[in-house]
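Observations on chain architecture
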There are 2 protein chains.
Amino acid sequence: MSPSLATFADALAGVVGAPNLRRDPDACWPYGYDNSRRHALPALVAHPADHNEVREAIRLCNRFGLPLVARGAGTGTAGAAVPPEGGLVLALDRLNRILQVDPANRLMVVEPGVTNRAVQEAAREHGFFWPPDPTSSDVCTVGGNLACNAAGPRAVKYGTPRENTLALRLITGSGDEMRVGVHTTKGVVGYDLTRLMIGSEGTLGVITEAVLRLTPLPEAKHTLRGIYRDIGAAARAVSAIMGQPVTPCALELMDRRALELVRDRAGASLPADAGALLMIEVDGAAACVDHAAEAVAAAARVDGALQVELAKTPAEVAELWQVRRALSPALRNAAPKKINEDVVVPVSRMPELIAGLEEMGRHHRIDIVNFGHAGNGNIHVNLLFDPEQGDAASRAERCLGDLFDLVLQLEGTLSGEHGIGLVKRDFVASEIGPEALALMHALKSVFDPNGLLNPGKKLPLG
Amino acid sequence: MSPSLATFADALAGVVGAPNLRRDPDACWPYGYDNSRRHALPALVAHPADHNEVREAIRLCNRFGLPLVARGAGTGTAGAAVPPEGGLVLALDRLNRILQVDPANRLMVVEPGVTNRAVQEAAREHGFFWPPDPTSSDVCTVGGNLACNAAGPRAVKYGTPRENTLALRLITGSGDEMRVGVHTTKGVVGYDLTRLMIGSEGTLGVITEAVLRLTPLPEAKHTLRGIYRDIGAAARAVSAIMGQPVTPCALELMDRRALELVRDRAGASLPADAGALLMIEVDGAAACVDHAAEAVAAAARVDGALQVELAKTPAEVAELWQVRRALSPALRNAAPKKINEDVVVPVSRMPELIAGLEEMGRHHRIDIVNFGHAGNGNIHVNLLFDPEQGDAASRAERCLGDLFDLVLQLEGTLSGEHGIGLVKRDFVASEIGPEALALMHALKSVFDPNGLLNPGKKLPLG
């Protein structure tokens, strides 16, 4: 450890307390990765206790010129939480208090280290929930959800963190502290810094408190499953469902290749000629949800639908989900390496996307499996290959480039919820024009004049 | 006209065409005001035809150092559209095309000069609507709605422009052009400049195209009216309504003084001891809306409710609305001068707000009438007085200062939808701290380095 780093570490220990500062590389090691599987070793990991300690830590970083990253649970898949090599990790696990649950005003005030699950449990006691529901919701933190604008299946009806967060307390890269946003569902005083912060992946500021907007728990939920001859028919069903007044609270797609992967595990219920599958959930008042489910089922019965089933019992619900549930374990074992993208296209363009992917898979000889949040047009594209096998890795890379080109042709976007991090950083300039990018870099400099906050993430390298 | 202004005008005429440039002060005069009743005479008014002409006009302004404001219909009440004295008005009435209606993807692409009403009509043909519904929706423009984040009654269920806009095309103050946002309901590539632009009152850029997110039209709507002994009971009803799963699509309040004003016009249906009134609308699928309305009615029947009625026929709907409809004409004639604020507080704090207002009215001897969007806690506070009468104007000013202090104490915000413009500019610093304000000024400088875009609006003077 260099003398100046040691001085910094001692000063930081004075802020967070010596037991809350990790200096040993072995102790720091686990804080160097996230679910992108990338890794960089931080010099130090601090566990501040509260807003003030975060602020002082950031001010120290400015004094010493040390880069830092704020860290939740490290469940992100794009590398946004991978620290700057030799920098500081601010692990926010001690900022895990629920400060206020205010059902009368449909809001909840939390610190960033609280898990999504804990938020849901605290809200449920009062008859509410917070809509964002990433797959990792048992362990991921609200701070990470906000940093990445992480959503999940419910977003199709209830929106992403941007639509479900009212206000933030934060510290900028220069160590300034502020509250932005309002405690109400309307507010137009000042610029909307709340949404600017959300999805900025820790590059503009560190969130130390969030006012979450709560939604009343629906009384009842129904589950439907539609099986289609081909992806075109499934996409038409998605458009038909989204074109009628009942918006489902989940509208999940599996393509033909995904169905093939799970056929063995899926039980007898999957017809041999199934080319695509939709899992649909409809929620609402108990007295209305039957009708709502019928309306969605009617919309789902487009030409090319092989069966559209509505579960009547919990056992039937479990049976309908069996096919979808079999997918994740099947994918894990399908190939030594998997690139998992989360591109988005307008729902009407999904057939073009999937057709293009089939063509790309053949051309680049890559096994491609698609599933995802069809109601938002948010498709998880999985490229499966064995990197040990000849030029498979470079073929997969080229395939990925073609995928991104196609997505942009279809007026889509490169990431719906996983974020940019390190992994997609070099593709951002293909979606965002040079003038907007220059503006974003300039905004970053306003929040973080010394460039210390999560450098090299979110935006292409200047 | 100074030689350099004349040179500028000739160059601008070359961009927009001479017939689309007003130089005569009499012709420019009507473009100097908005519904705040403030006025400043612009030197020139240009009517550009499209994005490219707007861009070239802004670049010319940069070359000559001339400030400018983009203008919709001038219906704003806070002075955001009042031009910089001696500057340029970019009247966007010719950018009034609906470029695309895409029901399959629930979106619509429009130019900023199209009226809110035209948007609704084009959407309705496909079974959709765009939620923002300011009172001026017949004439106000989408560009103005976005600039001010203007909402209306439906926001309680369907959100404001920030929740209902996917992407923008814009030109910054320095004349850079860009597209921001996505054509989909999810997207995390780059920073969220879309919401940063929305509500920025033309101080960051000029919007030349917007991708609006559409919502399916509900099949049916029911109207309810609750009459309460006092505002406390009405506020409890609002919290009870917002705490159950059916969110109404309008939840409008009138206080005791508002009821007194309309008693003569309101017909016999208003009980003598009415202390507050709620107008409630519930929409949804035809088969569900009866049940939904019953659920809301049950929640509305709190202790202190005098009557909660559900209209069964169009005639009954009209009768229930009669009291509310009588308010606007009554207010117009109630006093020579009216200050109309649109503060917001968390819904549970509304009784404290109204009690405080009653006290302020007595203390400052100002007649105060309150109504508004109770579901959002967004209360239109009307201070009525005769400025010719002694020190009434200065008493009203002091009363306004007390009101804003109280709103902030109650964790509220100074404006829910009217915006800041010129009128509330000097109060912003009481809500937003100095560090956040300095950041906002710095962001403004990034978008508009020469300070030409609507100078002196939205933020306190630097």
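The coordinates are above.
So, a few notes on the structure that sits alongside this text.

1. Considering the overall build of chain A
From N to C terminus, chain A includes 16 helices and 18 strands. Taking 23 Å as the expected radius of gyration for a compact globule of 462 residues, we find that chain A reaches 23 Å, a close match to that expectation. Dimensions along the principal axes, computed over C-alpha positions, put chain A at roughly 70 × 60 × 40 Å. Taking all 462 residues of chain A together, 61% fall into the buried category. Within chain A, contacts between residues separated by at least 24 positions form 72% of all contacts whose residues are at least 6 apart in sequence. Accessible surface, chain A as shown: approximately 16,300 Å² in total, 50% of it carbon and sulfur.

2. A word on the environment of Val211(B)
All names here are of chain B. Note on placement: Val211 falls in strand β10 (residues 205–213). With 28 residues separating them in the primary sequence, Val211 and His183 have C-alpha atoms 7.0 Å apart. Here Val211 is in contact with Leu107, Met108, Val109, Thr165, Leu166, Ala167 and His183, once residues within four sequence places are set aside.

3. Some thoughts on the interface of chain B and chain A
Residue-level contacts link 79 residues of chain B with 78 residues of chain A. Between chain B and chain A lies a buried interface of about 6,800 Å² when both sides are counted; carbon and sulfur atoms form 63% of it. If you sort the residues of chain B by the area they bury against chain A, Lys186(B), Val188(B) and Tyr191(B) come out on top, with a joint share of 15%. At the surface where chain B touches chain A, the tally comes to four salt bridges.

4. Remarks on the packing of aromatic side chains
The tally for this structure, following the rule as stated, stands at six aromatic pairs over all chains. For the ring pair Phe8(A) and Phe64(A), a centre distance of 5.3 Å and an interplane angle of 75 degrees mean the geometry is edge-to-face. Taken as a pair, Phe8(A) in helix α1 (residues 3–16) and Phe64(A) in helix α3 (residues 51–64) lie far apart in primary sequence, 56 residues in all. With a centroid separation of 5.0 Å and 85 degrees between ring planes, the pair formed by Phe129(B) and Tyr158(B) is classed as edge-to-face. On the criterion of sequence distance, the pair formed by Phe129(B) in strand β7 (residues 128–129) and Tyr158(B) in helix α6 (residues 155–158) is long-range, its members being 29 residues apart. Stacked on the ring of Tyr33(A), the Lys or Arg Arg71(A) has its end atom at 5.4 Å from the ring centre.

5. With respect to the sheet that holds strand β4 (residues 88–91) of chain A
All names here are of chain A. Pairing is mixed across the open sheet formed by four strands, whose spatial order is β1-β2-β4-β3. At either margin of the open sheet sits one strand with a lone partner, and together these are β1 (21–22) and β3 (68–71). Here four bridges tie β3 to β4, and the two strands are oriented parallel to one another. Within β4, the residue paired with Val69 across the bridge is Val89. Contacts between α1 and the sheet are confined to β1, β2 (44–46) and β4, with β2 contributing the most and set at about 10 degrees to the helix. Contacts between α3 and the sheet are confined to β3 and β4, with β4 contributing the most and set at about 175 degrees to the helix.

6. Some points on the pattern of salt bridges
What the rule picks out here adds up to 54 salt bridges over all chains. Between Arg55(B) and Glu56(B) there is a salt bridge, with the nearest N and O atoms lying 2.9 Å from each other. The residue Arg179(B) makes a salt bridge to Glu209(B) at a minimum N-O spacing of 3.3 Å. Note that Arg179(B) is positioned in strand β9 (residues 177–181) and Glu209(B) in strand β10, a separation of 30 residues in sequence. If you follow the salt bridges from partner to partner, you end up with Arg55(A), Glu56(A), Arg59(A) and Glu177(A) in one network.

7. Regarding the relation of the copies chain B and chain A
Note on the copies: chain B fits chain A at an RMSD of 0.0 Å, the axial shift is 0.0 Å, and the rotation between them is 180 degrees. What the rotation and shift describe, once combined, is the action of a two-fold rotation axis. Looking at the rotation axis and the C-alpha trace of chain B, the residue lying nearest is Cys288(B), at 2.6 Å.

8. Let's talk about empty space enclosed by the protein
What the rule picks out here adds up to two cavities of 30 Å³ or more. Estimates place the volume of the second largest cavity at around 180 Å³. Together, 16 residues line the second largest cavity, and Asn105(A), Arg106(A), Thr185(A), Val347(B) and Gly375(B) are the ones closest to its centre. Residue composition of the lining of the second largest cavity, by class: eight nonpolar, six polar and two charged.

9. Looking at helix α4 (residues 116–124) of chain B
Of all the residues in α4(B), the buried ones are Asn116(B), Val119(B), Gln120(B), Ala122(B) and Ala123(B). The buried residues of α4(B) all sit within an arc of 165 degrees when viewed along its axis, so they share a single face.

10. Structural notes on the packing of helix α8 (residues 231–242) of chain B against helix α13 (residues 350–364) of chain B
Residues and elements named next belong to chain B. For the pair α8 and α13, the least separation of the axes is 9 Å and the interaxial angle reads 155 degrees. With respect to each other, α8 and α13 are oriented roughly antiparallel. Relative to α13, the crossing made by α8 is right-handed. Side by side, α8 and α13 meet where Ile231, Gly232, Ala235 and Val238 of the first sit next to Met350, Pro351 and Ile354 of the second. Looking at the contact of α8 with α13 residue by residue, the class counts come to six nonpolar, one polar and no charged.

11. So, the environment of Asn450(B)
Residues and elements named next belong to chain B. For Asn450, the position within the fold is in the segment after α16 (434–447). What makes Asn450 partly exposed here is its relative accessible area of 47%. As for Asn450 and Lys338, which are separated by 112 residues in sequence, their C-alpha atoms are 37 Å apart. Separated by 2.7 Å, the side chains of Asn450 and Asn62 make a polar contact.

12. Structural notes on helix α11 (residues 314–325) of chain A
Residue and element names in this part refer to chain A. Given a rise of 1.5 Å per residue, 12 residues ought to cover 16 Å, and the 15 Å separating the end C-alpha atoms of α11 matches this to within 8%. Residues Leu320, Trp321, Val323 and Arg324 constitute the buried set of α11. When α11 is viewed along its axis, its buried side chains cluster within an angular range of 140 degrees and face the same direction. Exposed side of α11, more than 90 degrees from the buried face: Pro314, Ala315 and Arg325 are the residues found there.

13. Overview of the sheet that holds strand β12 (residues 220–228) of chain B
Residues and elements named next belong to chain B. Spatially, the seven strands line up as an open sheet ordered β15-β12-β14-β13-β17-β18-β16, and their pairing is antiparallel. Pairing within the sheet leaves two strands with one partner each, and these edge strands are β15 (305–310) and β16 (337–344). Adjacent strand axes in the sheet meet at a mean angle of 15 degrees when their direction is disregarded. Strand direction decides the pairing type here: strand β17 (residues 367–373) and strand β18 (residues 378–385), joined by seven bridges, are antiparallel. Residue His373 lies in a different strand from β18, and its bridge partner there is Asn378. The strands touched by helix α11 (residues 314–325) are β12, β13 (250–255), β14 (276–284), β15 and β17; relative to β12, the strand with the most contacts, the crossing angle is about 45 degrees. Against the sheet, α13 touches β13, β16, β17 and β18, its axis set at about 160 degrees to β17.

Cut-off values and rules
- In this convention, every chain numbers its residues from 1, walking through the sequence in written order.
- Labels follow written order: the first chain is A, the first ligand is 1, and so on.
- Per-residue local features of the predicted model are confined to residues with pLDDT of at least 70, and side-chain atom pairs are confined, for both listing and counting, to 80 or more; whole-chain, interface and lining totals are unaffected and use all residues.
- Side-chain descriptors were evaluated using all non-hydrogen atoms of the structure, hydrogens and water having been removed beforehand.
- What counts as a helix is a DSSP run of H or I of at least four residues, what counts as a strand is a run of E of at least two, and both are numbered from the N terminus.
- The quantity called the radius of gyration is restricted to C-alpha atoms. Its globule counterpart is 2.2 Å times the number of residues to the power 0.38.
- Each residue gets one of three labels from its accessible area relative to the maximum for its type: buried under 20%, exposed over 50%, partly exposed in between, using a 1.4 Å probe on protein chains only.
- We call two residues contacting when some pair of their heavy atoms lies within 4.5 Å.
- Residue-level accessible areas treat just the shown protein chains as cover; the underlying method is Shrake-Rupley with a 1.4 Å probe.
- Two parts placed together each lose some accessible area under a 1.4 Å probe, and adding up what both lose gives the buried area.
- Each reported salt bridge corresponds to a side-chain nitrogen of Lys or Arg within 4 Å of a carboxyl oxygen of Asp or Glu.
- Stacked, tilted and edge-to-face pairs are distinguished by plane angle, under 30 degrees for stacked and over 60 for edge-to-face with tilted covering the rest, among Phe, Tyr and Trp rings (Trp via its six-membered ring) whose centres lie within 6.5 Å.
- By the criterion adopted, a ring carries a charge over it if an Arg CZ or a Lys NZ lies within 6 Å of its centre and within 35 degrees of its normal.
- Here a strand pair is declared whenever DSSP counts at least two bridges between the two strands.
- An axis is simply a line fitted to the C-alpha atoms; with a helix, the fit covers only the stretch in contact. Between two such axes, the angle follows the N-to-C directions and lies from 0 to 180 degrees.
- Superposition of the copies used a least-squares fit over C-alpha atoms from residues whose pLDDT is at least 70 in both.
- Points on a 1 Å grid over protein atoms alone make up a cavity when a 1.4 Å probe fits among them but cannot get out, and a pocket when they form an open set with protein on both sides within 12 Å along at least five of seven lines; lining residues each have an atom within 4 Å of a point.
- Grid points are joined across faces, edges and corners, and a volume is the space filled by probe spheres set on the points.
- Each residue gets one of three labels, nonpolar for Ala, Val, Leu, Ile, Met, Phe, Trp, Tyr, Cys and Pro, charged for Asp, Glu, Lys and Arg, and polar for the others, Gly among them.
- Throughout, the arc means that of the directions going from the helix axis to the C-beta atoms.
- Orientation is classified from the angle alone, with under 35 degrees giving roughly parallel, over 145 giving roughly antiparallel, 65 to 115 giving roughly perpendicular, and any other angle giving oblique.
- With the far helix as reference, a near helix turned anticlockwise by less than a right angle produces a left-handed crossing, and one turned clockwise produces a right-handed crossing.
- Throughout this description, a polar contact denotes any pair of N or O atoms lying within 3.5 Å of each other; where both atoms belong to protein, one of them has to be capable of donating a hydrogen while the other can accept it, and for residues adjacent in sequence the pair is counted only when both atoms sit in side chains.
- Multiply 1.5 Å by the residue count of a helix minus one, and that product is the helix's expected span.

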